Amino acid sequence: MNPKLRQLSRQFHLWFALAIIIPSLIVFGSGILLQVKKQFDWVQPPTMTGTSASPSMSFQQVLLIAQSVPELDVSEWQQIDRIDVRPDKGVMKVVASNRWEMQIDAHTGEVLHVAYRRSDIIESIHDGSWFAESAKLWLFLPAGILLFLMWCSGTVLLYTTLSSKLKKRHSRSLRS
């Protein structure tokens, strides 16, 4: 490889690494937590199992039950972020805007589990939207592109380094 091109590649690699070190650490750290979210209740509460596979509750009943759970701090629909229905488990997950999650039996309405749900906040940290909506597109996306380019340049550097070492080793063996 041309020595100037090799030097330019090394400089490119170094400066881009410095530019993306913080976003990369955030993405790697939060990604690790998201990979194990089902294994650690601290990240995401485990999904309980209800009594029947077919939900039979109305949304109005779900709201009334949510209003009865103090941790959710729900008085109206606008304070509910989402309802996740899992018919195969017979459970409904109600996630409030304050990130507390309540799981209820989809048939009887019994509250099965109430816990704080951290996986959503970790996901927003992972994609950058937790910092600012514009950080997702203007910081984390360019960092991802630069990381890909660094991987490409690193592959070229690895190939040229190994190739050079093999050539030197081969020429030494021919001399001896």
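Predicted model, so just to flag it, every value in this text is computed and none were measured.

Explain the packing of helix H1 (residues 3-35) against helix H4 (residues 133-175) residue by residue, including any values.
Closest axis-to-axis distance for the H1/H4 pair is 8 Å, and the angle between their directions is 135°. In terms of their interaxial angle, H1 and H4 are classed as oblique. Relative to H4, the crossing made by H1 is left-handed. Of the residues that constitute the contact of H1 with H4, the class distribution is 16 nonpolar, seven polar and two charged.

Please provide a residue-by-residue account of the sheet that holds strand E3 (residues 100-105), values included.
A sheet is described by the order of its strands in space; here four strands give the open sequence E1-E2-E3-E4, paired in antiparallel fashion. At either margin of the open sheet sits one strand with a lone partner, and together these are strand E1 (80-86) and strand E4 (111-116). Here the strands of the sheet are splayed against their neighbours by 15° on average, with no regard to which way each runs. Across six bridges, E1 lies against strand E2 (residues 91-96) in antiparallel orientation. Paired with Ile80 across the bridge in E2 is Ala96.

Could you give an account of the pattern of salt bridges, naming the residues involved and the relevant values?
Per the stated rule, a full pass over the model turns up seven salt bridges. Residue Arg117 is joined to Glu101 by a salt bridge in which the shortest nitrogen-to-oxygen separation is 2.4 Å. Taken together, the residues Arg117 in the loop between E4 and helix H3 (119-127) and Glu101 in strand E3 connect sequence positions 16 residues apart. Considered together, Arg117 and Glu101 belong to a single accessibility category, that of buried residues. What you see here is one network of salt bridges that share partners, running through Asp81, Arg82, Glu101, Arg117 and Asp120.

Lay out the pairing of E3 in plain terms, naming residues and giving numbers.
Extensive coverage of E3 is indicated by the burial of five of its six residues. With five bridges connecting them, E2 and E3 associate as antiparallel partners. Bridged to Val94 within E3 is Met102. The hairpin turn running from E2 into E3, its antiparallel successor, is three residues long, and Arg99 in that turn takes a positive phi close to 75°. Sheet topology note: the E3/E4 ladder contains five bridges and is antiparallel. Residue pairing in the sheet places Ile104 in a bridge with Val111 of E4. A loop of five residues connects E3 with E4, the two strands running antiparallel in sequence, and Gly109 in this loop sits at a positive phi of about 85°.

So what's going on with H3? Which residues, and what values?
Those residues of H3 not exposed but buried are Ser119, Asp120, Ile122 and Ser124. On its buried face, H3 is in contact with H1, E1 and E2. Of the residues flanking the end of H3, it is Gly128, one or two places downstream, whose phi is positive at about 90°.

Please provide a residue-by-residue account of the packing of aromatic side chains, values included.
Going through the model one piece at a time under the given rule, you end up with six aromatic pairs. Between Phe59 and Trp77 the ring centres are 6.4 Å apart and the planes differ by 85°, which places this aromatic pair in the edge-to-face class. Of this pair, Phe59 sits in helix H2 (residues 59-67) while Trp77 sits in the loop between H2 and E1, and the two are 18 residues apart along the sequence. A residue is classified by how much of its surface remains accessible, and Phe59, at 53% relative accessible area, is exposed. Its relative accessible area of 33% is what places Trp77 among the partly exposed residues. Taking the centre distance of 5.8 Å and the plane angle of 15° together, the rings of Phe131 and Phe140 count as stacked. The rings of Trp130, Phe131 and Phe140 are connected pair by pair, giving a single aromatic cluster.

How each quantity is defined
Residue positions are counted from 1 within each chain, in the order its sequence is given. With pLDDT at 70 or above as the cut-off, local features in this predicted model cover only qualifying residues; side-chain atom pairs require 80 or more to be listed or tallied, and sums for whole chains, interfaces and linings still use all residues. With hydrogens and water excluded, all non-hydrogen atoms of the structure serve as input to the side-chain values. Lines fitted to the C-alpha atoms define the axes, with helices restricted to the stretch that makes contact. Angles between their N-to-C directions range from 0 to 180 degrees. Segments assigned H or I by DSSP are reported as helices when at least four residues long, segments assigned E as strands when at least two residues long, and all are numbered from the N terminus. When describing relative orientation, an angle under 35 degrees is termed roughly parallel and one over 145 degrees roughly antiparallel, while 65 to 115 degrees is termed roughly perpendicular and anything else oblique. When the near helix sits turned anticlockwise from the far one by under a right angle, the crossing is termed left-handed; a clockwise turn instead gives a right-handed crossing. Just so you know the grouping, Ala, Val, Leu, Ile, Met, Phe, Trp, Tyr, Cys and Pro go in nonpolar, Asp, Glu, Lys and Arg go in charged, and all remaining residues, Gly too, go in polar. A pair of strands is labelled paired if DSSP reports no fewer than 2 bridges between them. One side-chain nitrogen of Lys or Arg within 4 Å of one carboxyl oxygen of Asp or Glu is enough to make a salt bridge. For the exposure calls, accessible area comes from a 1.4 Å probe over protein chains only, and a residue counts as buried if that area is under 20% of its type's maximum, exposed if over 50%, partly exposed in between. A contact between two residues is defined here by any heavy atoms of the two lying within 4.5 Å. Here a Phe, Tyr or Trp ring, Trp counted by its six-membered ring, pairs with any other such ring whose centre lies within 6.5 Å, and the pair is stacked when the planes are under 30 degrees apart, edge-to-face when over 60, and tilted otherwise.

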